Amino acid sequence: MTATILDPKTALIVIDLQKGIISLPTAHPAAQVVKQANTLAEAFHRHDLPVVLVNVAGGAPGRTEQKRGGERPAGWTDLVAELTQRQQDHRVTKRTWGAFTNTDLEKYLKSLGVTQVVIAGIATSIGVESTARQANELGFNVTLATDAMTDMSPDAHANSITRIFPRLGETGTTQDIIALLDRRL
């Protein structure tokens, strides 16, 4: 289903568009995801709505079957230069999959009266989906920009978009979301 409405106070959350993540092989070109995320950020800025830029700098403790990456190279957590960043953008560094766990994100959004979030970024089935789940659980309306995200696995990407996201909120393209922003005027 295409996104139907955006609340008056909606924020954009851009997940993990950083050097270390962008360098990984993805199902869809990461450069296109960055381009679409920039397009969304510019629209949110134009409408004086909050933009949150998230990076990941670690992982939750605990055992996993899949081996975790070891030492990260210098600059791994830096947001990519191609991502338009403004001084007023709120930055969040997470150490788990979701951007709300042990960060100030919920407090920040609620202090601004935000009731809805639009989420984009990498990886669809990890950082994006986890953040969407958390936002939904915290009572935010959720919209997911499906052409502004990708995953390392095409199957995981498709599963999130077709099976998980419709249960967490609404989905739409970058242009669908911008049209809803522009319609609010």
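In case you missed it, the structure is sitting above this.
Here the structure is a predicted model, which means the values were calculated and not measured. (Residues numbered from 1 in each chain as written. Predicted model: local features only at pLDDT ≥ 70, side-chain atom pairs only at ≥ 80, totals over all residues. Heavy atoms only, no water.)

**So, the pattern of salt bridges**
Then comes step 1: By the definition in use, this model includes four salt bridges.
Then comes step 2: Lys19 serves as the salt-bridge partner of Asp78, at 3.9 Å between the closest nitrogen and oxygen. Linking Asp78 in the loop between β2 (51-56) and β3 (90-94) with Lys19 in helix α1 (residues 19-22), this pair joins segments that are 59 residues apart in sequence.
Then comes step 3: A relative accessible area of 35% places Asp78 in the partly exposed class.
Then comes step 4: Across the salt bridge formed by Lys110 and Glu106, the nearest N and O atoms sit 2.9 Å from each other. Residue Lys110 and its partner Glu106 are located together in helix α3 (residues 105-111), separated by four residues, close to a single helical turn.
Then comes step 5: For Lys110, a relative accessible area of 44% corresponds to the partly exposed category. (Salt bridge = Lys/Arg side-chain N within 4 Å of Asp/Glu carboxyl O. Helix = DSSP H or I, 4+ residues; strand = E, 2+ residues; numbered from the N terminus. Buried < 20%, exposed > 50% of the residue type's maximum accessible area, 1.4 Å probe, protein only.)

**Some points on the nonpolar core**
Then comes step 1: If you look at the biggest cluster of nonpolar residues, it comprises 32 residues, and the most contacted ones within it are Leu12, Leu17, Leu40, Phe44 and Leu83.
Then comes step 2: Elements with a minimum of two residues in this core: β1 (10-15), α2 (30-46), β2, β4 (116-122), β5 (141-150) and α6 (174-183).
Then comes step 3: With eight residues, α2 is the largest single contributor of residues to this core.
Then comes step 4: In contact with Leu40, not counting residues within four places along its chain, are Leu12, Ala120, Ala145, Ala148, Thr174, Ile177 and Ile178.
Then comes step 5: Counting residues in each nonpolar core, the second largest holds 25 residues, with Ala11, Ala99, Val114 and Ile161 among its members. (Core = buried A, V, L, I, M, F, W, Y, C linked by side-chain atoms within 4.5 Å. Contact = heavy atoms within 4.5 Å.)

**Side note on the sheet that holds β4**
Backbone-to-backbone hydrogen bonds join strands into a sheet, with any given pair of strands oriented parallel or antiparallel.
Then comes step 1: Within the open sheet, the six strands sit side by side as β3-β2-β1-β4-β5-β6. Their pairing is parallel. What marks the edges here is a single partner per strand, and that holds for β3 and β6 (170-172). Sheet twist, expressed as the average angle between the axes of neighbouring strands with direction ignored, equals 25 degrees.
Then comes step 2: Two elements, β2 and β3, share five bridges in a ladder whose sense is parallel. Opposite Val52, over in β3, you have His90 as the bridge partner. (Pairing = 2+ DSSP bridges. Axes fitted to C-alpha atoms, helices over the stretch in contact; angles between N-to-C directions.)

**Quick notes on the pairing of β5**
Then comes step 1: In terms of burial, β5 is largely enclosed, as eight of its 10 residues are buried.
Then comes step 2: Note: β4 against β5, six bridges, orientation parallel. Bridged to Gly121 within β5 is Met149.
Then comes step 3: As for the winding sense of the linkage, the β-α-β connection from β4 through helix α4 (residues 124-137) to β5 is right-handed.
Then comes step 4: Strand direction decides the pairing type here: β5 and β6, joined by three bridges, are parallel. (Right-handed = clockwise from strand over helix to strand, strands pointing away.)

**Some words on unusual backbone geometry**
Then comes step 1: Residue Ile122 is joined to Ala123 through a cis peptide bond whose omega torsion reads 5 degrees.
Then comes step 2: Its place among the elements puts Ala123 in the loop between β4 and α4.
Then comes step 3: You will see that Asp16, though not glycine, has its phi angle at about 55 degrees, which is positive.
Then comes step 4: For Asp16, the position within the fold is in the loop between β1 and α1.
Then comes step 5: The residue Asn102 is not glycine, and still its phi comes out positive at about 55 degrees.
Then comes step 6: Position of Asn102 among the secondary structure elements: in the loop between β3 and α3.

**Considerations on the side chain of His90**
Then comes step 1: By secondary structure assignment, the location of His90 is in strand β3.
Then comes step 2: Apart from the residues lying within four places of it in its own chain, the contact partners of His90 are Val51, Val52, Leu53, Asp104 and Tyr108.

**Quick notes on the side chain of Asn38**
Then comes step 1: Of note, Asn38 is situated in helix α2.
Then comes step 2: Judged by its relative accessible area of 9%, Asn38 falls in the buried class.
Then comes step 3: With residues near it in sequence (within four places) discarded, Asn38 still touches Glu82, Leu83 and Thr84.

Take it as geometry only, folks, not as evidence of what the structure does.
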